[in-house]
Amino acid sequence: MTHVQHTGEIGCLKVSSKSPPASVAGAIAGMIKDSVAVDIQAVGAGAVNQAVKAIAISRGFLSPIGIEIVCVPSFADIVIDGEFRTAIRFAVEPRDAAAAAQVSAGAAAQETPVE
């Protein structure tokens, strides 16, 4: 099940192992289109798997309309039913096109030909 909580300009999606990745991806894409940064929270390997699939699918939704995204993973300590757990949190934001172009140009200049 996917829960969406809007808190200002950051939306939090809580993803479980049973969350359909395409639905989560649609939520991510919609929020990014609305200029809302997205935090995705997942506890457990199955939930992290679904979250990563959703991020990849959302990139496929956004790329054709010229929006590239970046994802920054981190750990988060949370409490579930009175028990402390460690979640993986993915911060998903639109990539700054100008900065991305500079990074790409720099990487291309540093590439060495393979013989």
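Residues numbered from 1 in each chain as written. Predicted model: local features only at pLDDT ≥ 70, side-chain atom pairs only at ≥ 80, totals over all residues. Heavy atoms only, no water.

Bringing the pattern of salt bridges into the picture now. Within this structure, the stated rule accounts for one salt bridge. E68 serves as the salt-bridge partner of R59, at 3.2 Å between the closest nitrogen and oxygen. In this structure R59 comes out as partly exposed when scored by relative accessible area, which is 44%. Exposure remark for E68: the relative accessible area of 28% places this residue in the partly exposed category. (Salt bridge = Lys/Arg side-chain N within 4 Å of Asp/Glu carboxyl O. Buried < 20%, exposed > 50% of the residue type's maximum accessible area, 1.4 Å probe, protein only.)

What follows covers helix α2 (residues 45–62). Helix length check: α2 (18 residues) gives 26 Å between terminal C-alpha atoms against 26 Å at 1.5 Å per residue, within 8%. Every buried residue of α2 is accounted for by A47, Q50, A51, A54, I55, S58 and L62. Angular distribution of buried residues about the axis of α2 spans 140 degrees; they occupy a single face of the element. Turned more than 90 degrees away from the buried face of α2, the exposed residues are A45 and A56. (Helix = DSSP H or I, 4+ residues; strand = E, 2+ residues; numbered from the N terminus. Expected span 1.5 Å × (residues − 1). Arc of directions from axis to C-beta.)

Take the nonpolar core next. With 19 residues, the main nonpolar core has L13, I28, I32, V38, I40, I55 and V92 as its most contacted residues. Looking at this core, the elements with two or more residues in it are β2 (10–15), α1 (21–33), β3 (37–42), α2 and β5 (83–94). If sequence neighbours within four positions are ignored, I55 has contacts with I28, I40, I69, C71, F90 and V92. (Core = buried A, V, L, I, M, F, W, Y, C linked by side-chain atoms within 4.5 Å. Contact = heavy atoms within 4.5 Å.)

Most of β3 is tucked away, with five of its six residues classed as buried. Sheet topology places β2 next to β3; six bridges connect them, and they run parallel. Paired with V15 across the strands is A42, a residue of β3. Handedness of the crossover joining β2 and β3 through α1: right-handed. As judged from the five bridges shared by β3 and β5, these two strands associate in the antiparallel manner. Note that in β5 the partner of V38 across the bridge is V92. (Pairing = 2+ DSSP bridges. Right-handed = clockwise from strand over helix to strand, strands pointing away.)

The subject of this paragraph is the pairing of strand β4 (residues 69–80). Strand direction decides the pairing type here: β4 and β5, joined by twelve bridges, are antiparallel. Counterpart to S74 in the pairing with β5 is R89.

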